[in-house]
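Breakdown of the fold
Listed here are the chains, written in short residue letters.
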Amino acid sequence: MGDDDDDIPQLSSHTLAALQEFYIDQQQREDAKISQGIKEYSLGSVEEDWQLSQFWYDDDTALCLANEAVLAAGKGGRIACVSAPSVYQKLKEQGGKDFSVCILEYDTRFSVYGEEFIFYDYNNPLNLPGDLIAHSFDIVLADPPYLSEECLRKTAETIKYLTKGKILLCTGAVMEEQAAKHLDVKMCKFIPKHTRNLANEFRCYVNYDSGLDRDST
C-alpha cells in the first residue's frame, strides 16, 4: 500500500492555494449575485421578443401598475396578469405576502415561474385550465399583444371570464373606443412608458375608481 501511495500525484502547496482561491472566488461570485439583488423576477431577466410583439414597461411604470393592482385587489387579493409579464415580475419582486398572482402568457420562457405560469393564446380566449375558476380574480391586468380590434375583443373574453369586476387594461390610445365597447373601461390620466420608445401612444384604462386617474405623470 505504501508503494502505491507514493505513485499517487501530489498537488504542490502552490497549486492547492490556487485551487482554494478559485473556490473562494466562485463562492464570492454567488454571494454577490444575491447581495446585488440579481433576481429571477427582475425586469430584463427575460429579453423582449419583438416577433411576439413584446415591449417591456420601464421600471417606474411596472412598479406603478403593480402597486395599483395590489391596491385594487385588496389584502389577500388575487391578481391575474394577462400578456403583461413585466408587471408580473414587478409584483413578484414585492414578495406577494398580501396577494397572489398568476401570469397568462403565450411565451413559454415564462414557464420558469412554475405553477403561476398559465399558457395563454388570445386566439383561444377561453381555452384555460379547468382549475382556473371563472370570476376568481379581484383584478385582471391585461396588455393585449396587438393593437387590433380582433386581439382586444378576444382578450376581453378572457378578462371578463377571470375578473370579479375590476379591470386594468393597457393598450394604445387608438384603441380607446374599442376598449370602451368591449370592456366598458375609461382612459386614465396616467401614461405608461416602455424601455423602448414606441411609435404608438400607450394608455391605461380602468372600470373602477383608480389612483391612475389621479396621477398625471
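An unreviewed UniProt entry annotates the protein chain as EEF1A lysine methyltransferase 1 of Pelusios castaneus. Turning to the protein chain, the UniProt annotation filed under Subcellular location (unreviewed entry) states: "Cytoplasm". The UniProt entry for the protein chain carries the following text under Sequence similarities (unreviewed entry): "Belongs to the class I-like SAM-binding methyltransferase superfamily. EFM5 family."

Details of the packing of helix H3 (residues 59-73) against helix H4 (residues 85-93)
Put simply, H3 and H4 touch, their axes get as near as 8 Å, and they point 70° apart. The angle between the axes of H3 and H4 places the two elements in the roughly perpendicular class. As for how H3 packs across H4, the hand of that crossing is right-handed. Along the contact surface, H3 presents Asp 59, Ala 62, Leu 63, Leu 65, Ala 66 and Val 70, while H4 presents Ser 86, Val 87, Lys 90 and Leu 91. Split by residue class, the contact of H3 with H4 holds seven nonpolar, one polar and two charged.

Section: the sheet that holds strand S3 (residues 117-119)
Read from one edge to the other, the open sheet built from seven strands follows the order S3-S2-S1-S4-S5-S7-S6, with strand pairing classed as mixed. Every interior strand has two partners, whereas the edge strands, S3 and strand S6 (186-187), have only one. Bridging between strand S1 (residues 77-82) and strand S2 (residues 99-105) involves six bridges; their strand directions are parallel. In the strand pairing of S2, Ile 79 is matched with Val 101. Set on the sheet, H3 makes contact with S1, S2, strand S4 (137-142), strand S5 (163-172) and strand S7 (202-206); between it and S4 the angle comes to about 160°. In this fold helix H5 (residues 149-162) packs onto S1, S2, S4 and S5, with an angle of close to 155° to the strand it touches most, S5.

Side note on the pairing of S2
S2 sits mainly inside the fold: six of its seven residues count as buried. Read from S1 through H4 to S2, the crossover connection turns out right-handed. The sheet contact formed by S2 and S3 spans three bridges and is parallel. Within the sheet, the bridge partner assigned to Ile 103 lies in S3 and is Phe 117.

Observations concerning the environment of Ala 80
Turning to its location among the elements, Ala 80 is positioned in strand S1. Residue Ala 80 is classed as buried on the basis of its relative accessible area of 0%. Apart from residues no more than four positions distant in its own chain, Ala 80 is found in contact with Cys 102, Leu 104, Phe 137, Ile 139, Val 140, Leu 141 and Leu 162.

Brief notes about the packing of H5 against helix H6 (residues 176-183)
One can describe the packing of H5 onto H6 by two numbers: an axis separation of 10 Å at closest approach and a directional angle of 35°. Pair H5 / H6 crosses with right-handed handedness. On H6, the residues touching Glu 149, Leu 152, Arg 153, Ala 156, Ile 159 and Lys 160 of H5 are Gln 178, Ala 179, His 182 and Leu 183. A class-by-class count of the residues in the contact of H5 with H6 yields five nonpolar, two polar and three charged.

Quick look at the pairing of S4
In terms of residue burial, S4 counts as a mostly covered element, since six of its six residues are buried. By the bridge criterion, four bridges tie S1 to S4 in an arrangement that is parallel. By the bridge assignment for S4, Ile 79 is matched with Ile 139. In this structure, S4 lies alongside S5, joined through five bridges in parallel fashion.

Observations regarding H3
Taking 1.5 Å of rise per residue, the 15 residues of H3 would be expected to cover 21 Å, and the 21 Å separating its terminal C-alpha atoms lies within 8% of that figure. Along H3, the residues that are buried comprise Thr 61, Ala 62, Leu 65, Ala 66, Glu 68, Ala 69, Ala 72 and Ala 73. Mapping the buried residues of H3 onto a view down its axis gives an arc of 160°, with all of them on the same face. Of the residues in H3, the exposed ones pointing more than 90 degrees away from the buried face are Asp 60 and Leu 71. For H3, the elements touching its buried residues are S1, H4, S4, S5 and S7. Of the residues trailing H3, Gly 74 is marked for its positive phi of about 80°.

So, how was this worked out
Residues numbered from 1 in each chain as written. Predicted model: local features only at pLDDT ≥ 70, side-chain atom pairs only at ≥ 80, totals over all residues. Heavy atoms only, no water. UniProt positions renumbered as here; feature names shortened; annotations may be inferred. Axes fitted to C-alpha atoms, helices over the stretch in contact; angles between N-to-C directions. Helix = DSSP H or I, 4+ residues; strand = E, 2+ residues; numbered from the N terminus. Parallel < 35°, antiparallel > 145°, perpendicular 65-115°, else oblique. Left-handed = near helix turned anticlockwise from the far one by under 90°. Contact = heavy atoms within 4.5 Å. Nonpolar A, V, L, I, M, F, W, Y, C, P; charged D, E, K, R; others polar. Pairing = 2+ DSSP bridges. Buried < 20%, exposed > 50% of the residue type's maximum accessible area, 1.4 Å probe, protein only. Right-handed = clockwise from strand over helix to strand, strands pointing away. Expected span 1.5 Å × (residues − 1). Arc of directions from axis to C-beta.

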